[in-house]
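# Tertiary structure, described
Residues per chain, in single letters:
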Amino acid sequence: MDKIERYRQVYNEFKELCARGEQKVTFTAFCRVRGVRGDKMQDVLGDEFVTLKAIPGYRVILPKKPKPDDDICGRIYENFRTLCAEGRQPGSFSNYCKTRGVAVASVWWFMRDHNLRLIDIPGFRLRKDTHKTAQEVPFANVIFEEAGF
């Protein structure tokens, strides 16, 4: 089979897949698996090639690119969750992240993106020393201090 025929066959397969509503990958990935280059399809086929958006049933599929911190943030969250489930919570979540060399904000964004919450972790409990409480000052002390006594 010559080059033009091979490209034509791959292109027609993709059009049929779209028409049936079974497209699950991008055009580029579809071509790559079949050993042709999707970016050269128009050059090889010329007028036979219709833009992808004109193909009935074609859907734009954007490949999800993982963020560079997702892997390490995921491991930190899973390790912390495991320790809590075993009843061995290693202190506050913030300190746990800091000791692993990861910014707490990165892990919080990871959790937000993946719909994870600390409160949902079995065995997790807020540490009492993590929240500062207001200290009550007697009213008389405030009056005397303002008056200069």
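Below you will find a few notes about this structure. (Residues numbered from 1 in each chain as written. Predicted model: local features only at pLDDT ≥ 70, side-chain atom pairs only at ≥ 80, totals over all residues. Heavy atoms only, no water.)

The next point concerns helix α6 (residues 104-113). Residues of α6 that are buried: V104, V107, F110 and M111. Taken end-on, α6 shows its buried residues confined to a sector of 125°, consistent with a single buried face. One or two steps after α6, the chain reaches N115, where phi turns positive at roughly 55°. (Buried < 20%, exposed > 50% of the residue type's maximum accessible area, 1.4 Å probe, protein only. Helix = DSSP H or I, 4+ residues; strand = E, 2+ residues; numbered from the N terminus. Arc of directions from axis to C-beta.)

Applying the stated criterion across every chain yields a total of eight salt bridges. A salt bridge links E13 to R34; the shortest N-O distance between them is 3.2 Å. Of the two residues, E13 is situated in helix α1 (residues 3-19) and R34 in the loop between α2 (27-33) and α3 (41-45); the sequence distance between them amounts to 21 residues. The class of E13 is partly exposed, set by a relative accessible area of 30%. (Salt bridge = Lys/Arg side-chain N within 4 Å of Asp/Glu carboxyl O.)

The terminal C-alpha atoms of α1 lie 24 Å apart, and with 17 residues this matches the ideal 24 Å at 1.5 Å per residue to within 8%. Those residues of α1 not exposed but buried are Y7, V10, Y11, F14, L17 and C18. Each buried residue of α1 lies within a common arc of 120° when the element is viewed along its axis, so the set occupies one face. Residues of α1 that are buried make contact with α2 and α3. Phi for G21, located one or two positions after α1, is positive at around 75°. (Expected span 1.5 Å × (residues − 1). Contact = heavy atoms within 4.5 Å.)

Right, let's talk about the packing of aromatic side chains for a bit. Tallied over the entire structure, the rule returns eight aromatic pairs. Ring geometry for Y11 against F49: centres 5.0 Å apart, planes inclined by 40°, an arrangement best described as tilted. Here the residue Y11 occupies a position in helix α1, and F49 occupies one in the loop between α3 and α4 (70-85), the gap between them amounting to 38 residues. Per residue, the accessibility class of Y11 equals that of F49, and both read buried. Judged by centre distance (4.9 Å) and plane angle (70°), the ring pair of F14 and F27 falls under edge-to-face. Here F14 is found in helix α1, whereas its partner F27 is found in helix α2, with 13 residues between them in sequence. On the basis of relative accessibility, which here comes to 0%, the residue F14 falls in the buried class. Here the aromatic residues Y11, F14, F27, F30, F49 and Y58 are joined through ring pairs into a cluster of three or more. Over the aromatic face of F30 sits the side chain of R34, whose NZ or CZ is 3.6 Å from the ring centroid. (Phe/Tyr/Trp six-rings, centres within 6.5 Å; stacked < 30°, edge-to-face > 60°. Lys NZ or Arg CZ within 6 Å of the ring centre and 35° of its normal.)

Another point: the side chain of S92. For S92, the position within the fold is in the loop between α4 and α5 (93-99). A distance of 3.2 Å separates a polar atom in the side chain of S92 from the backbone nitrogen of N95. (Polar contact = N/O pair within 3.5 Å; in protein donor to acceptor, adjacent residues only side chain to side chain.)

Right, let's talk about the environment of F124 for a bit. Mapped onto the secondary structure, F124 falls in the loop between α6 and α7 (139-147). A residue is classified by how much of its surface remains accessible, and F124, at 19% relative accessible area, is buried. When the C-alpha atoms of F124 and S92 are compared, they prove to be 9.7 Å apart, with 32 residues separating the residues in sequence. Not counting residues within four places of it along the chain, the set of residues in contact with F124 comprises F80, C84, Q89, L118 and I119.

Looking now at the nonpolar core. Membership of the largest hydrophobic core comes to 17 residues, with the highest contact counts inside it found for F80, F93, V107, M111, L118 and I121. With six residues, α4 is the largest single contributor of residues to this core. Once you skip the residues sitting within four places of it in the chain, F93 turns out to touch F80, V107, W108, M111 and L118. Counting 16 residues, the second-largest nonpolar core is a separate cluster that includes L17, M41, L45 and L52. (Core = buried A, V, L, I, M, F, W, Y, C linked by side-chain atoms within 4.5 Å.)

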